[in-house]
Protein chains: 2
Amino acid sequence: MANGAAAVRGGGSGGRRARATLRDVAEAAGTSRSTASRALGGHGYVADHIKERVEAAAERLGYVPDVSARTLKGRSSGLVGVLVSDLRNQFYAELAAGVEHALSAAGYQMVLVDDHADEERAAAGARAFLAMRADGVLLTPVARGATETLVGHGVPVTELDRRSGVRGCDAVAIDNERGARLAVEHLIGLGHRDVGIVVDEVQWDTGRNRLKGYRSALRDAGLPVPRRHVLDLSQGEGDQAAQLAAFLDGNPALTAVFAANNVMAELVWQELKRRGSAVPEGCSVVSFDDLAWMKMVEPGLSAVRQPVFDLGGRAAELLLDRVGRDGAGRAESVVLQPELVLRGSTAPPKN
Amino acid sequence: MANGAAAVRGGGSGGRRARATLRDVAEAAGTSRSTASRALGGHGYVADHIKERVEAAAERLGYVPDVSARTLKGRSSGLVGVLVSDLRNQFYAELAAGVEHALSAAGYQMVLVDDHADEERAAAGARAFLAMRADGVLLTPVARGATETLVGHGVPVTELDRRSGVRGCDAVAIDNERGARLAVEHLIGLGHRDVGIVVDEVQWDTGRNRLKGYRSALRDAGLPVPRRHVLDLSQGEGDQAAQLAAFLDGNPALTAVFAANNVMAELVWQELKRRGSAVPEGCSVVSFDDLAWMKMVEPGLSAVRQPVFDLGGRAAELLLDRVGRDGAGRAESVVLQPELVLRGSTAPPKN
DNA sequence: CTGTTAGCGCGTTCAT
DNA sequence: ATGAACGCGCTAACAG
């Protein structure tokens, strides 16, 4: 008796049915495996009636080609790794949404890892992407490590929102310095001379450039830029609200505050509300990054709007371009422009 | 001359270096492939000094095991598919974050697909998960299709937040009926008799049960439940704000509105603000789902808080349990309890 | 303790 | 137009 088609293969007791394989389909259609492969893949010559028979058999058996086998054969895995710093932060969530949208439109799958801005976890994510033979990787870098590993192994990488400085990878980011300038110049234009800034990271170019834009806007206007007007919470082990409170108490002359990202904006907003400061009468506020809540509070929060969803989409497209070229070509760098949205939280200083 | 180890393999011109394979490692360490495999995998017997030599070689060559090969061999892919309806909605983003957290703690990778609540896209996602041999799938069902496909192929499935009704899959959800009751009973307790509800879907059990909870709370209090107090936006092709405006105009007796989810809460909040209605004096408002902005607006929005992050985490754990048992065991169903958070948006009716 | 062998599912030669 | 044979990288048998 020949090795019957009906032989139970991989008969685990888990209740999980063995998946139909190309061989099953071929046998059901009465052809060889290679013919079945051509019929389903659409390559090479296959007689029409055979093709139909194979397709019918595949449908009937619920055949789904095995990507791992195909990947092993040297073809693409169809997987793109994405590494973000904090999925609970709406900024990153929307970034991921933009990425996913572009990837899935191109037939790719997104493997999403949240590294919580931790270098160790980012490195683990990079290794995982390597192991699964991801066709490319998108990431908001925490440090150089992950990008270096990936680029070193020849995996196309595009950095989002900030750059690690590693050569050989594409990047898509916002013009952070200009965005900060827009915000601060607006305040200066209203007559503010004492403007504070609240930042929670200056280790990456994102925060650093926002700080830079803040400083140069003031300097260009001939205004002083005292260090004590800068609240840097990046070391912040302690209570951020308390540090902010101390900052405000120590700078009674401030008539406006620039929050360098949405998290800081939330912090500032809550603290001003807590202490009963009138906005904008007592203190004007501008945020970098415009979230939905900023138009719902009273007064609405003026903000530097970033095209976050598009940022993710553009980055994905840039990456897939490179993947399509098998990694060849010079590293590209795209800078998107932010836009200032004026609402009620900014007004001329009172005195 | 034997087939040299130094032969160039897969030499594409893309500038991408060939990855080190287990064979390369074995040759560099002067052993066979299986010994190298055992040394790195930690199974079976390997002499200590050999093991060290293999590990050193692997490190030196930057060896990363190929998951597709391992998967093909019948082992787990380490991939879990996750299908959500709208990644831009903070609810789903936080759900995904909770899932990711639990998965990555267990060494799994999350393949995230946003189906935009579209049945077609969900089906495509399910097929992709099948093709990549995902070890399990988590999803917020849009219809029965995707779950049926997956379960039919023996893939462990856990549904989140709502259920499709397909047998054989686990589920983790919120007690939506009870959450809605909490909200509406609170309003009734304050003295409201004319309470409206705004819903944007009743096709899933989530919205249906919230509506049910709303109705039964009123009924149990001996209050009437007129149809015109229910605004169902689920067919909503038109302008939702306009429909809401018409609803409010047509129900001048309403003293309170229950928004069945965070999107509806935003809509209601904006519309009340637009028309200058005082909250809570003119109209009390409660939301199902508590987002960050709800505590930042003035007055703060009373809301039914759901443990969204935990919901995702619990679902992931439930799924991984089943994956660990190779799919065996009865389908489990977990129901998490919501909690009413009182803020300033609810007060006794004016008259 | 180690090496040899076989095969996971697929695509791609090469002969028919 | 079709089928037989090989190998992608890895691991689980089995010898030695």
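What you see is a predicted model, and the numbers here were worked out from it, not measured in a lab. (Residues numbered from 1 in each chain as written. Chains lettered and ligands numbered in written order. Predicted model: local features only at pLDDT ≥ 70, side-chain atom pairs only at ≥ 80, totals over all residues. Heavy atoms only, no water.)

### Some thoughts on empty space enclosed by the protein
Empty space left among the atoms is revealed by rolling a probe the size of a water molecule over them.
Consideration 1: What the rule picks out here adds up to four cavities of 30 Å³ or more.
Consideration 2: Around the largest cavity, the lining residues are Gln90(A), Ala93(A), Glu94(A), Leu87(B), Arg88(B), Gln90(B) and Ala93(B).
Consideration 3: Where the lining of the largest cavity is concerned, the elements lending two or more residues are helix H5 (90-105) of chain A together with helix H5 (90-105) of chain B.
Consideration 4: At three residues, the largest contribution of residues to the lining of the largest cavity is made by H5(A).
Consideration 5: Split by residue class, the lining of the largest cavity holds three nonpolar, two polar and two charged. (1 Å grid on protein atoms, 1.4 Å probe; cavity = no way out; pocket = protein on both sides within 12 Å on 5 of 7 lines; lining within 4 Å. Points joined across faces, edges and corners; volume = space filled by probe spheres on them. Helix = DSSP H or I, 4+ residues; strand = E, 2+ residues; numbered from the N terminus. Nonpolar A, V, L, I, M, F, W, Y, C, P; charged D, E, K, R; others polar.)

### Considering the interface of chain B and chain A
Consideration 1: With 57 residues of chain B at the contact, the number on the chain A side is 57 residues.
Consideration 2: Both faces considered, chain B and chain A share a buried interface measuring about 5,400 Å² in area, 53% of it formed by carbon and sulfur atoms.
Consideration 3: Linking chain B with chain A are eight salt bridges, by the criterion used here.
Consideration 4: Across the salt bridge formed by Glu94(B) and Arg88(A), the nearest N and O atoms sit 2.7 Å from each other.
Consideration 5: On the surface where chain B and chain A come into contact, there are 18 residue pairs in polar contact (both at pLDDT 80 or more).
Consideration 6: Secondary-structure elements contributing two or more residues to the side of chain B that touches chain A are helix H4 (67-72), H5, strand E2 (109-114), helix H6 (119-131) and helix H11 (262-274) of chain B. (Contact = heavy atoms within 4.5 Å. Buried area = accessible area lost by both parts, 1.4 Å probe. Salt bridge = Lys/Arg side-chain N within 4 Å of Asp/Glu carboxyl O. Polar contact = N/O pair within 3.5 Å; in protein donor to acceptor, adjacent residues only side chain to side chain.)

### Quick look at the pattern of salt bridges
Consideration 1: Counting across every chain of the model gives 30 salt bridges over all chains.
Consideration 2: Note that Glu185(A) and Arg181(A) form a salt bridge whose closest N and O atoms lie 3.2 Å from each other. Here Arg181(A) and Glu185(A) lie together in helix H8 (residues 176-190), a separation of four residues that amounts to about one turn.
Consideration 3: Arg144(B) serves as the salt-bridge partner of Glu148(B), at 3.1 Å between the closest nitrogen and oxygen. With Glu148(B) and Arg144(B) both in helix H7 (residues 144-152) and four residues apart, this pair spans about one turn of that helix.
Consideration 4: On the basis of relative accessible area, Glu148(B) is assigned to the partly exposed category, the value being 39%.
Consideration 5: Look at Arg144(B) and you get partly exposed, because its relative accessible area is 40%.
Consideration 6: Connected through salt bridges with shared partners, the residues Asp249(A), Glu271(A), Arg274(A) and Arg275(A) form a single ionic network. (Buried < 20%, exposed > 50% of the residue type's maximum accessible area, 1.4 Å probe, protein only.)

### Here we look at the protein's contact with DNA strand C
Consideration 1: As a matter of local geometry, DNA strand C sits amid 22 residues, with Leu22(A), Tyr63(A), Ser34(B), Thr35(B) and Ala47(B) nearest to it.
Consideration 2: Considering the 4 Å shell around the protein, atoms of DNA strand C inside it are sugar or phosphate in 55% of instances.
Consideration 3: Interatomic distance of 2.5 Å between a backbone N/O atom of Leu22(A) and a phosphate oxygen of DNA strand C.
Consideration 4: In the environment of DNA strand C, a base oxygen lies 3.1 Å from a nitrogen or oxygen atom belonging to the side chain of Arg38(B).
Consideration 5: Listing elements by their share of the surface near DNA strand C, those giving two or more residues are helix H2 (33-41) and helix H4 (67-72) of chain A together with helix H2 (33-41) of chain B.
Consideration 6: Tallying contributions element by element places H2(B) first for the surface near DNA strand C, with three residues.
Consideration 7: In terms of residue class, the surface near DNA strand C is made up of nine nonpolar, seven polar and six charged. (Near = heavy atom within 4 Å.)

### Some thoughts on the relation of the copies chain B and chain A
Consideration 1: Between chain B and chain A, the superposition needs a rotation of 180° and an axial shift of 0.0 Å, giving an RMSD of 0.1 Å. Both chain copies can therefore be described as sitting about a two-fold axis.
Consideration 2: Looking at the interface residues of chain B, 100% of them are also at the interface in chain A, so both copies use one shared face. (Least-squares fit on C-alpha atoms with pLDDT ≥ 70 in both.)

### Re the UniProt feature "domain: HTH lacI-type" (unreviewed entry) in chain A
Consideration 1: If you check UniProt for "domain: HTH lacI-type" (unreviewed entry), the listed places come out as residues 20-74 of chain A in our numbering.
Consideration 2: Across residues 20-74 of chain A one finds 67% helix and 0% strand; the C-alpha atoms that close the span lie 22 Å apart. (UniProt positions renumbered as here; feature names shortened; annotations may be inferred.)

### Some words on the environment of Lys295(A)
Consideration 1: Secondary-structure assignment places Lys295(A) in the loop between strand E9 (284-288) and strand E10 (302-305).
Consideration 2: Judged by relative accessible area, which is 34%, Lys295(A) ranks as partly exposed.
Consideration 3: As for Lys295(A) and Arg343(A), which are separated by 48 residues in sequence, their C-alpha atoms are 7.8 Å apart.
Consideration 4: Among all residues touching Lys295(A), those that are not within four sequence positions of it are Arg343(A), Glu266(B), Gln270(B) and Lys273(B).

### A closer look at the protein's contact with DNA strand D
Consideration 1: Around DNA strand D, 23 residues are found, and the nearest of them are Thr35(A), Tyr45(A), Ala47(A), Leu22(B) and Tyr63(B).
Consideration 2: Among all atoms of DNA strand D positioned within 4 Å of the protein, those belonging to sugar or phosphate total 62%.
Consideration 3: The backbone of Ser32(A) places a nitrogen or oxygen atom 3.1 Å from a phosphate oxygen of DNA strand D.
Consideration 4: Contacts to DNA strand D include Ala69(B), whose backbone N or O atom sits 3.4 Å from a base nitrogen.
Consideration 5: For the surface near DNA strand D, the secondary-structure elements that each account for two or more residues are H2 of chain A together with H2 and H4 of chain B.

### Topic: the pairing of strand E6 (residues 195-199) of chain A
Residues and elements named next belong to chain A.
Consideration 1: The buried fraction of E6 amounts to five of the five residues, a majority that puts the element mostly inside the structure.
Consideration 2: As judged from the four bridges shared by E6 and strand E8 (residues 256-259), these two strands associate in the parallel manner. Bridge assignment links glycine 196 to a residue of E8, and that residue is valine 257.
Consideration 3: The pairing of E6 with strand E7 (residues 230-232) spans three bridges and is parallel. Paired with isoleucine 197 across the strands is valine 230, a residue of E7.
Consideration 4: In terms of handedness, the path from E6 via helix H9 (residues 205-220) over to E7 forms a crossover that is right-handed. (Pairing = 2+ DSSP bridges. Right-handed = clockwise from strand over helix to strand, strands pointing away.)

### Structural notes on the side chain of Thr71(A)
Consideration 1: Within the element layout of this structure, Thr71(A) appears in helix H4.
Consideration 2: With a relative accessible area of 9%, Thr71(A) lands in the buried category.
Consideration 3: Once residues lying within four places of it in the same chain are set aside, the contact partners of Thr71(A) are Ser76(A), Ser77(A), Arg133(A) and Ser68(B).

### Here we look at the domain arrangement of chain A
Consideration 1: According to the domain assignment, chain A contains domain 1 (2-65), domain 2 (79-173 + 308-338) and domain 3 (176-306).
Consideration 2: Just the C-alpha atoms count here: the centres of domain 1 of chain A and domain 3 of chain A sit 63 Å apart. (Domains from an automatic or database assignment.)

### Thoughts on unusual backbone geometry
Consideration 1: Cis peptide bonds are those with omega within 30 degrees of zero, and the linkage from Val279(A) to Pro280(A) qualifies with 10°.
Consideration 2: Positive phi is not limited to glycine here, since Asp161(B) has a value of about 70°.

### Side note on helix H1 (residues 22-29) of chain A
Residues and elements named next belong to chain A.
Consideration 1: Within H1, the full set of buried residues consists of Asp24, Val25, Ala26 and Ala29.
Consideration 2: Turning to H1, the residues buried within the fold contact H2 and helix H3 (48-61).
Consideration 3: Positioned one or two residues after H1, glycine 30 has a phi angle of 70°, which is positive.

### What to know about the confidence of the model for chain A
Consideration 1: Taken over all residues, the pLDDT of chain A has a mean of 92, while the share at 70 or more is 94%.
Consideration 2: Segment residues 1-15 of chain A is flagged for pLDDT under 50; beyond a separation of four residues in sequence, or across chains, it makes nine contacts in the model. (pLDDT = per-residue confidence, 0-100.)

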